[in-house]
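Geometric and topological summary
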Amino acid sequence: MIKSSEEKWVKTTCAYCGVGCGIEARPNANGTLDIRGDVEHPANRGKLCSKGMALGETVGYQGRLLEPVVNGKTCDWPSA
Ligand code: SF4
């Protein structure tokens, strides 16, 4: 059964700071996440700060250093 886009929202918690705002995340086919505040969460009642709103931009691998690089060339960890 194919879920509607509204059913794909998953409740979780923002990991950026100690407030612990409730968020809802929805995965997209391209590997990104849509993020919105959880209106039922007592810490934030659906509101998110700028860091929480940008949470979906942090889940991709684009632009991350995934292997050791020395002088612009990839190498193994012991060499690095
Ligand atoms: S949304 Fe902002 S205030 Fe809420 S937990 Fe995340 S960083 Fe903290």
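Now for a quick tour of the structure. Source: prediction; values computed, not measured.

The next thing to look at is the side chain of glutamate 24. As for its placement among the helices and strands, glutamate 24 is situated in strand E2 (residues 22-27). A polar contact of 3.0 Å, which involves the side chain of glutamate 24, links it to the side chain of lysine 11. A polar atom in the side chain of glutamate 24 sits 2.7 Å from the side chain of arginine 36.

This part covers the site of the ligand. The environment of the ligand is made up of Cys14, Tyr16, Cys17, Gly20, Cys21, Leu48, Cys49, Lys51 and Gly52. The class makeup of the residues in the shell around the ligand is six nonpolar, two polar and one charged.

Spatial strand order, E1-E2-E3: three strands in an open sheet with antiparallel pairing. Two strands lie at the open edges of the sheet, namely strand E1 (10-13) and strand E3 (33-37), each paired on one side alone. The average angle at which neighbouring strand axes cross in this sheet is 35°, direction not considered. Across four bridges, E1 lies against E2 in antiparallel orientation. From the neighbouring strand, valine 10 faces E2, where its bridge partner is alanine 25.

The next subject is the pairing of E2. Among the six residues in E2, five count as buried, and that is most of the element. Pairing analysis gives five bridges linking E2 to E3, with the strands arranged antiparallel. Counterpart to glutamate 24 in the pairing with E3 is arginine 36. The hairpin turn running from E2 into E3, its antiparallel successor, is five residues long, and glycine 31 in that turn takes a positive phi close to 95°.

Let's shift gears to the nonpolar core. Cys14, Cys21, Ile23, Ala25, Ile35, Leu48 and Leu55 form the largest nonpolar core, which has seven residues in total. Apart from the residues within four sequence positions on either side, leucine 48 is in contact with Cys21, Gly22, Ile23, Ile35, Arg36, Gly37 and Met53.

A separate point is the pattern of salt bridges. Tallying each qualifying case throughout the model produces five salt bridges. Between arginine 36 and glutamate 24 there is a salt bridge, with the nearest N and O atoms lying 2.7 Å from each other. Here arginine 36, found in strand E3, pairs with glutamate 24, found in strand E2; they are twelve residues apart in sequence, far enough to count as distant. The class for arginine 36 is partly exposed, based on a relative accessible area of 28%. Using a relative accessible area of 11% as the deciding quantity, one classes glutamate 24 as buried. It is possible to trace a salt-bridge network through shared partners that takes in Lys11, Glu24, Arg36, Asp38 and Glu40.

About the thresholds
- Residues numbered from 1 in each chain as written.
- Predicted model: local features only at pLDDT ≥ 70, side-chain atom pairs only at ≥ 80, totals over all residues.
- Heavy atoms only, no water.
- Helix = DSSP H or I, 4+ residues; strand = E, 2+ residues; numbered from the N terminus.
- Polar contact = N/O pair within 3.5 Å; in protein donor to acceptor, adjacent residues only side chain to side chain.
- Near = heavy atom within 4 Å.
- Nonpolar A, V, L, I, M, F, W, Y, C, P; charged D, E, K, R; others polar.
- Pairing = 2+ DSSP bridges.
- Axes fitted to C-alpha atoms, helices over the stretch in contact; angles between N-to-C directions.
- Buried < 20%, exposed > 50% of the residue type's maximum accessible area, 1.4 Å probe, protein only.
- Core = buried A, V, L, I, M, F, W, Y, C linked by side-chain atoms within 4.5 Å.
- Contact = heavy atoms within 4.5 Å.
- Salt bridge = Lys/Arg side-chain N within 4 Å of Asp/Glu carboxyl O.

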